[in-house]
Amino acid sequence: MIKKVVKPSLYLISSISIISLLFTACQSSPTSTKEVVQEETVKKPFSGALPVSPRLVKGKLDNGIEYIIQKNTKPEMRAEIRLVVNIGSLAEDENQLGFAHFAEHMAFNGTQDFEKQQIVEYVESIGMKFGAHLNAHTSFDETVYKLQIPTDDQEIIETGFHILENWAHKISFEPEEIDKERGVVIEELRARKGAGQRIFNKQLPVLYKGSRHAVRLPIGKQEILEHGKHEDLIRFYKDWYRPDLMSVLVVGDIETEHALELIEKYFSQIKPVENARTKQNYPIPDNSTPLISVETDPELTRSTVSLTIKQPLFNAQNYQDLKQQIGHSLFTGMLNNRIREAVLKPDSSLIAGGSSFSRLFSSNSTFNLGALVKPEQSKQAMSFLLAEYNRVRQNGFTATELARQKSSMLRSAEKGAKEIDKTQSKGLISRYVGHFLRQTPIMDNEQYFVAYQHFLPLISLDDINQLAAKWWSDNNRLVSISAPQKIAQSLPTEQQILALWQQSTEQKLAAYQDEKVADSLMSTTPKAGSVVDKHFDDNLAAHIWTLSNGAKVILKQTDFKEDEILFSASSEGGNSLLDTDTYLNTLLTTHIASAMGIGDLNSIQLGKYMKGKRFGISAQIDQYKQSLSGTSSVEDLPKFMQMLYLKFQRPRVDKPAFDTLISRASPYYKNRLDTPNGVFSEALRVAQYSNNPRSVKMDDKVIQSQSFEQSLDFYQERFANAGDFNFAFVGNLDLDKMEELLSTYVASLPNTDKAESWKKMPDLRTKGQLKVNVEKGLEPKATVVLNYYGSKPWSYTQNTAFNSLKSVLSTVLRERIREEKSGVYGVRVGGGFSRYDDSHSISISFTCNPERVDELVKETQLVIQEFKTQTQDKKYLENYKKQRLKSNETQIKQNGFWRGYLLASLSETQEFQTYQQALALVDEMTEAKLQVAANNFLNEQDTLIATLLPEELAAVELED
């Protein structure tokens, strides 16, 4: 519902196959799967059909409904359940275009056992959220209904299966609800409109020439969505929602036997459809001559190039297939390394690029080369991509490249195997959705790791190099290029594209020279400091150490992941300490530092060094603090600590890398203000922040004005005093090892004895009731923003009220302007409340029919007025409390939560709130307190109401 139609991108056709390619399986017997797999493996290791994970149960009911069940306790007390229907928009008749997706919408608008919005209301009443835990999507050949349920209550579990069963064959399709939902579906279509959609619509009939996909986009046609007959919508549901096209999937903290009992109880009584329509297969036709689409749009901000060669469908079913699949990944991985290396050079025509071998719908695989291109360099980018591919065809990869890529793939597989008992249910069930839809393997991570250990040493350089010739073909070529209209003259013609492709084949290219890879990040070990104080905090179950340089470190040992250590460090100050001119010249400081590499290694050398290693650190400087965050495997922790030391002590100085970064970033900002949203955002900034000298028009001139010297100085100054930082480490920690590493790489860092804090920034937002009206854009779409802002002393109590208000307001607005008014697809309620400077804002935004702007703004204002003048129904606040409680249950079992939580506990300037205290404050919220919060934070004296209207409609209104 929130995340809806899965639509392929024609900028990079590789993304189509990424969407389509999931993991899948082929056995259907619910009995003795584990025994059969083990016996076959013993008889013929690494030959024959791929095994099915012994952790799951797979079977089929008598009526044809398939199922997969796996007990998995990550997260605890939760289960992911899915109804998968192997049908989508390709099955629509001419008078049903868009009805596969429309039928999915109707599943949330009433069924035989759950009236109207009762499913949504029920799910939110048990602590789950519409969108995050209750959702669905429709694509060309699939419809998937998604539900996460708590499993600590048997009635809730049973109701979850009952909901899935209702979706399968009991959707009501009440006439009133159908006509109401038309507006929501049309608004979803409207929300997609823009430059990207227009380019897509131009390229679709060219690249998918002769295919049914070209005329069966899941979103459908507006005239049918508006006026299509009820009986045609219902007919689609009755024709295609049937047992032989369905699967029920269950992964989570639920006993397998109990899940199977519920599947049988709720789904076995669904009767097969007699004389059922035959589901047709709609392949993408071959093409003997290249299909070429070069398109421009006045509102497009970036240029793209995509080169694709369709391949026979590859779908791994046996071990030899898997060996080939590993080879495919090695090839594209090494080619991507070369492309990324080239992108980092100042003279590159690419901003970003890559390759992929993946699946295109149900009939083909594809090899794709794609790039985001610098302005007016599409020809050069195409030549580069073809040259790099042909460099491989002529000269192959090198042995050192292959060794690095094998190491990287093996480490990834090893991590998956180590975490096999700590894998999230949501990830597992995605594999099983793919199993039912596309028959791809469902081996578990241990089985994959064992296979990778076996096959990687057997795959030779010749095996990989041969793929370059195998994938190259004169047939089935697709070329798509898109660019802003103002640079249309720079784009290649169809004849030039054909010539470039031919020239790349004939050109003799030098072999790639692989640079020697560094053995380590540091050549010498710093003089170690020491840990001078230790104590254990019983409430946090964490160790708190003080280092000899004054730095504080908090460490928490957890078993949430077998091979994960998370890290954060922070210190106060940030860019609040800068004067305005320096601030404006150093906006990209941490991006610049990252682009230059670290220590003795530039970005290219660092990228090669990192192959086969699993760690990384990033730096950030925001308004009030500077910080570092990162992650490491247990094995790579010493190298991680070396990188941490270098982040403080030896940021690399590399002017060419700085120039490359600026050249890659500038094009986006140069064209941003050509778009309706860019113009709109700039108008909002001017209206609300024109009094703030730190607020500037973000265009390419600002990017090009960034100072290399000042940025480097600012980074070094902010990270000069490690002794003023607090550090947090969470995960599978060995305390003895941590003491050694912290003494060597953190306690050895300098302490300047300069204690700093942040400087409170004044609130310079323009006061009063502001209105902004922008007329820009070609589509019949309006964007509306209502912003309520002000200042109020921050406290945990006030912050709890603020967040409660945002959540409840979001739910009520969804009900009023989406469900009741059918005026929007979605409404976003965002904003924040700063503990540093006490500023707050709540922003409400949505897209809609331009002709309904006044109506929907008035309805939104009416809702806000009701919040301020009367108490809301208690169900909303009760639902929010349950959602916070359920969210906390899963958060406290994740290293990511504890990383930030523990770091906050070390602050000496801000009071620390435990998560138990936070939940207690939420529980103390009442409807009366919510009303007070509405009056505090929805301040009508300081508001901004902004509307973006299309140019043509605005012109008509002016004429009237």
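Residues numbered from 1 in each chain as written. Predicted model: local features only at pLDDT ≥ 70, side-chain atom pairs only at ≥ 80, totals over all residues. Heavy atoms only, no water.

- Per an unreviewed UniProt entry, the protein chain carries the name Insulinase family protein and comes from Paraglaciecola algarum.

**Thoughts on empty space enclosed by the protein**
Step number 1: In this structure the tally under the stated criterion is six cavities of 30 Å³ or more.
Step number 2: Here the largest cavity is characterised by a volume of approximately 60 Å³.
Step number 3: What lines the largest cavity is simply Arg-55, Gln-70, Ile-420, Thr-423, Leu-428, Arg-431, Tyr-432, Met-443, Asp-444 and Asn-445.
Step number 4: Per-element accounting of the lining of the largest cavity gives the leading share, three residues, to helix α14 (residues 425–438).
Step number 5: Among the residues making up the lining of the largest cavity, the classes are represented as four nonpolar, three polar and three charged. (1 Å grid on protein atoms, 1.4 Å probe; cavity = no way out; pocket = protein on both sides within 12 Å on 5 of 7 lines; lining within 4 Å. Points joined across faces, edges and corners; volume = space filled by probe spheres on them. Helix = DSSP H or I, 4+ residues; strand = E, 2+ residues; numbered from the N terminus. Nonpolar A, V, L, I, M, F, W, Y, C, P; charged D, E, K, R; others polar.)

**A word on helix α6 (residues 175–192)**
In an α-helix, one turn spans 3.6 residues, which is why side chains three or four residues apart end up on the same side.
Step number 1: The end-to-end C-alpha distance of α6 is 26 Å, a good match for the 26 Å that 18 residues give at a rise of 1.5 Å each.
Step number 2: Along α6, the positions that sit buried rather than exposed are Glu-177, Ile-178, Glu-181, Arg-182, Gly-183, Val-184, Val-185, Ile-186, Glu-187, Glu-188, Leu-189 and Arg-190.
Step number 3: The secondary structure elements touched by the buried residues of α6 are α3 (99–106), α8 (222–227), α9 (230–240), α27 (796–820) and β22 (839–848).
Step number 4: Phi for Gly-194, located one or two positions after α6, is positive at around 160 degrees. (Expected span 1.5 Å × (residues − 1). Buried < 20%, exposed > 50% of the residue type's maximum accessible area, 1.4 Å probe, protein only. Contact = heavy atoms within 4.5 Å.)

**Let's talk about the packing of aromatic side chains**
Step number 1: Taken as a whole and assessed by the stated rule, the structure comprises 49 aromatic pairs.
Step number 2: With centroids separated by 5.2 Å and ring planes inclined at 85 degrees, the aromatic side chains of Phe-331 and Phe-397 adopt a geometry described as edge-to-face. Residue Phe-331 is found in helix α11 (residues 319–343), and its partner Phe-397 is found in the loop between α12 (378–395) and α13 (399–418); the two are separated by 66 residues along the sequence. With respect to burial, Phe-331 and Phe-397 carry one shared label: buried.
Step number 3: Taking 5.6 Å as the distance between ring centres and 50 degrees as the angle between the ring planes, the aromatic pair formed by Phe-802 and Phe-833 counts as tilted. Pair noted here: Phe-802 is in helix α27 and Phe-833 is in strand β21 (residues 828–833), with a separation of 31 residues, a long-range link. Considered together, Phe-802 and Phe-833 belong to a single accessibility category, that of buried residues.
Step number 4: An aromatic cluster of three or more residues is present, and its members are Phe-314, Phe-331, Phe-357, Phe-367, Tyr-389, Phe-397, Trp-471, Trp-472 and Trp-501.
Step number 5: In this structure, Lys-613 packs its charged tip against the face of Tyr-609, placed 4.2 Å from the ring centre. (Phe/Tyr/Trp six-rings, centres within 6.5 Å; stacked < 30°, edge-to-face > 60°. Lys NZ or Arg CZ within 6 Å of the ring centre and 35° of its normal.)

**Topic: the UniProt feature "domain: Peptidase M16 C-terminal" (unreviewed entry) in the protein chain**
Step number 1: Sequence positions flagged by UniProt for "domain: Peptidase M16 C-terminal" (unreviewed entry) are, in local numbering, residues 230–408 and 709–883.
Step number 2: Between the C-alpha atoms that bound residues 230–408 the distance is 54 Å, and the span itself is 42% helix and 25% strand.
Step number 3: Secondary structure over residues 709–883 splits into 42% helix and 22% strand, and the C-alpha atoms at its two ends are 48 Å apart. (UniProt positions renumbered as here; feature names shortened; annotations may be inferred.)

**Observations regarding helix α4 (residues 118–125)**
Step number 1: Inspection of α4 places Ile-119, Val-120, Val-123 and Glu-124 among the buried residues, and these make up the whole buried set. Buried residues in α4, looked at end-on, bunch into an arc of 125 degrees, giving them a common side.
Step number 2: Buried residues along α4 sit in contact with β4 (134–138), β5 (143–150), α5 (154–169), α27 and α29 (874–891). (Arc of directions from axis to C-beta.)

**Details of the pairing of strand β8 (residues 303–312)**
Step number 1: For β8, the buried fraction is high: nine of the ten residues fall into the buried class.
Step number 2: Bridging between β8 and strand β11 (residues 477–484) involves six bridges; their strand directions are antiparallel. In the strand pairing of β11, Thr-308 is matched with Leu-478. (Pairing = 2+ DSSP bridges.)

**So, the nonpolar core**
Among soluble globular proteins, nonpolar side chains are generally buried collectively.
Step number 1: Counting residues in hydrophobic clusters, the biggest one holds 75 residues, and the most contacted among them are Leu-83, Tyr-145, Phe-161, Trp-167 and Phe-267.
Step number 2: Looking at this core, the element that brings in the most residues is α5, giving seven residues.
Step number 3: Grouped together as the second largest cluster of nonpolar side chains are 56 residues, Leu-330, Ile-339, Ala-417 and Met-443 included. (Core = buried A, V, L, I, M, F, W, Y, C linked by side-chain atoms within 4.5 Å.)

**Topic: the confidence of the model for the protein chain**
Step number 1: Mean pLDDT for the protein chain: 94, with 95% of residues reaching 70 or above.
Step number 2: Low pLDDT, under 50, characterises residues 1–42; the stretch is placed with 144 contacts to residues that sit more than four places away or in other chains.
Step number 3: For the stretch residues 954–960, pLDDT sits under 50, and the model shows three contacts to residues farther than four places along the chain or on other chains. (pLDDT = per-residue confidence, 0-100.)

**Structural notes on the pattern of salt bridges**
Step number 1: Under the defined criterion, the tally for this structure stands at 65 salt bridges.
Step number 2: In this structure, Arg-477 and Asp-474 form a salt bridge, with 3.0 Å as the shortest nitrogen-oxygen distance.
Step number 3: Since its relative accessible area comes to 56%, Asp-474 is described here as exposed.
Step number 4: Here Arg-652 ties to Asp-654 by a salt bridge, and the two come within 3.6 Å at their closest N and O atoms.
Step number 5: Its relative accessible area of 13% is what places Asp-654 among the buried residues. (Salt bridge = Lys/Arg side-chain N within 4 Å of Asp/Glu carboxyl O.)

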